[in-house]
Amino acid sequence: MQLLFTGLTLGSIYSIIALTLVTTFNVTGILNLAQGEFVVIGALLAVSLQGTGMPMPVIFIVSVILVAILGGLLERVAIYRARGASSLSMLIITIGLSIALRGLALLIWGTETYSLPAFFKGGPILLGGASLNPQSIWIFALVGITLAGLYGFFEHTFWGKAVKASVYNQTGARLQGINLNTISFLAFVGAGGLGAAAGVSIGPITMVTYDMGFMLGVKGFVAATIGGLSNVGGAVIGGILLGLLESFSSGLISSGLKDAISMIILLAVLLFRPEGIIGAIRERKI
């Protein structure tokens, strides 16, 4: 039970990051590999805001707003100016943004390890002989709210479908009056804000360091790849599966396998099911 709770918590963290990757990819066609740095900067900003005496809910909101602004600024400075470039060029740009943000975090916050207070007071919840951190419940709720919102927007609204269509046919989208530059800007604003929300949420559970964004971004990408980069539900399924596999392999075999599991799964999916598990299932049904 303890490994199950740990796996679900890890999986939920990866799911949030995967959701932001899938959303950005669905809207802009760009795979934003700087997403993990948004998570870290959100958490580190919350650490700094603690000294102001703000209550935790206000710190959460302010961190989300600041990183959302940062996401929009980076889109205008880097992505917007490179519009029309190849997908590979855009991918390299996001890698460069990731390195730059990591260096900025190092300069501002240094190499120290930080922590954040839990959102809820009280001890762990005992279930089935195992303990569940109340903070994990907040993370589960954040995943559920995000998934419901994104699924409802992309699948059940006219504008959501129009936005997805713009990725496949930009000329047709422009002829329908869709401003692709505005959509790209809003996608990165949303990705920044959601990344910060994830960072502040996981801060009370995991220690926060300037360089943790790389592995978080990689595991979010693995989760998104497992589910399929065009499916928001698949991102959550991929994140939960990855979290459970990491938790049980670490607990039952060796903790050294935790990061290796992610790489093995990524290679396996890219080799045998590049469209993702959900994409493969849909193709078979069709």
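Residues numbered from 1 in each chain as written. Predicted model: local features only at pLDDT ≥ 70, side-chain atom pairs only at ≥ 80, totals over all residues. Heavy atoms only, no water.

With an unreviewed UniProt entry as reference, the chain is termed Branched-chain amino acid ABC-type transport system, permease component, source organism Desulfosporosinus youngiae DSM 17734. The UniProt entry for the chain carries this comment under Subcellular location (unreviewed entry): "Cell membrane". Within the UniProt record for the chain, the comment given under Sequence similarities (unreviewed entry) is "Belongs to the binding-protein-dependent transport system permease family. LivHM subfamily." (UniProt positions renumbered as here; feature names shortened; annotations may be inferred.)

Colleague: Explain the environment of Ile16 here, please?
Modeller: Within the secondary structure, Ile16 is located in helix α1 (residues 2-28). Judged by relative accessible area, which is 1%, Ile16 ranks as buried. The sequence separation of Ile16 and Gly195 amounts to 179 residues, and the corresponding C-alpha distance is 7.6 Å. Here Ile16 is in contact with Ile139, Leu142, Val143, Leu194 and Ala198, once residues within four sequence places are set aside. (Helix = DSSP H or I, 4+ residues; strand = E, 2+ residues; numbered from the N terminus. Buried < 20%, exposed > 50% of the residue type's maximum accessible area, 1.4 Å probe, protein only. Contact = heavy atoms within 4.5 Å.)

Colleague: Can you help me understand a nonpolar patch on the surface in this one?
Modeller: A contiguous nonpolar patch, built from Met1, Leu4, Phe248, Leu252, Ile253 and Leu257 and spanning about 570 Å² of accessible area, is present on the exposed surface. Checked against the element boundaries, Leu257 lands in the loop between α10 (232-252) and α11 (258-272). With relative accessibility at 32%, the residue Leu257 sits in the partly exposed group. (Patch = residues over 30% accessible without salt bridge, like charges linked within 9 Å, V, L, I, M, F, W, Y side chains within 5 Å. Areas by Shrake-Rupley, 256 points an atom, 1.4 Å probe, with all protein chains shown as cover. Salt bridge = Lys/Arg side-chain N within 4 Å of Asp/Glu carboxyl O.)

Colleague: Teacher, can you tell me more about the pattern of salt bridges here?
Modeller: Applying the stated rule across the entire model yields 3 salt bridges. Between Arg102 and Glu37 there is a salt bridge, and its shortest N-O distance comes to 3.3 Å. On the criterion of sequence distance, the pair formed by Arg102 in helix α4 (residues 87-109) and Glu37 in helix α2 (residues 35-49) is long-range, its members being 65 residues apart. Accessibility assignment for this pair places Arg102 and Glu37 in one class, buried. Here Glu246 and Lys219 are joined by a salt bridge, their closest N and O atoms 3.3 Å apart. Residue Glu246 is found in helix α10, and its partner Lys219 is found in helix α9 (residues 213-227); the two are separated by 27 residues along the sequence.

Colleague: Sorry, what's going on with the UniProt feature "transmembrane region" (unreviewed entry) in the chain here?
Modeller: With numbering aligned to this structure, UniProt lists the feature "transmembrane region" (unreviewed entry) at residues 12-34, 54-74, 86-108, 137-154, 183-208, 220-245 and 260-281. From the first C-alpha to the last, residues 54-74 spans 27 Å; its make-up is 90% helix and 0% strand. For residues 86-108, the end-to-end C-alpha separation is 33 Å, with 96% helix and 0% strand making up the annotated structure.

Colleague: Even after reading the chapter, I still don't get the nonpolar core, so can you show me in this structure?
Modeller: Soluble globular proteins tend to bury their nonpolar side chains together. The biggest cluster of nonpolar side chains holds 71 residues, and the ones touching the most others in it are Tyr14, Ile16, Leu101, Ile202, Leu216, Val222 and Ile265. Look past the residues within four positions of Tyr14 in its chain and what remains in contact with it is Leu216, Lys219, Gly220, Ala223, Gly239, Leu242, Gly243, Glu246 and Lys258. In terms of nonpolar packing, the next biggest core, distinct from the first, is built from 5 residues, Ile30, Ala82, Met90 and Phe188 among them. (Core = buried A, V, L, I, M, F, W, Y, C linked by side-chain atoms within 4.5 Å.)

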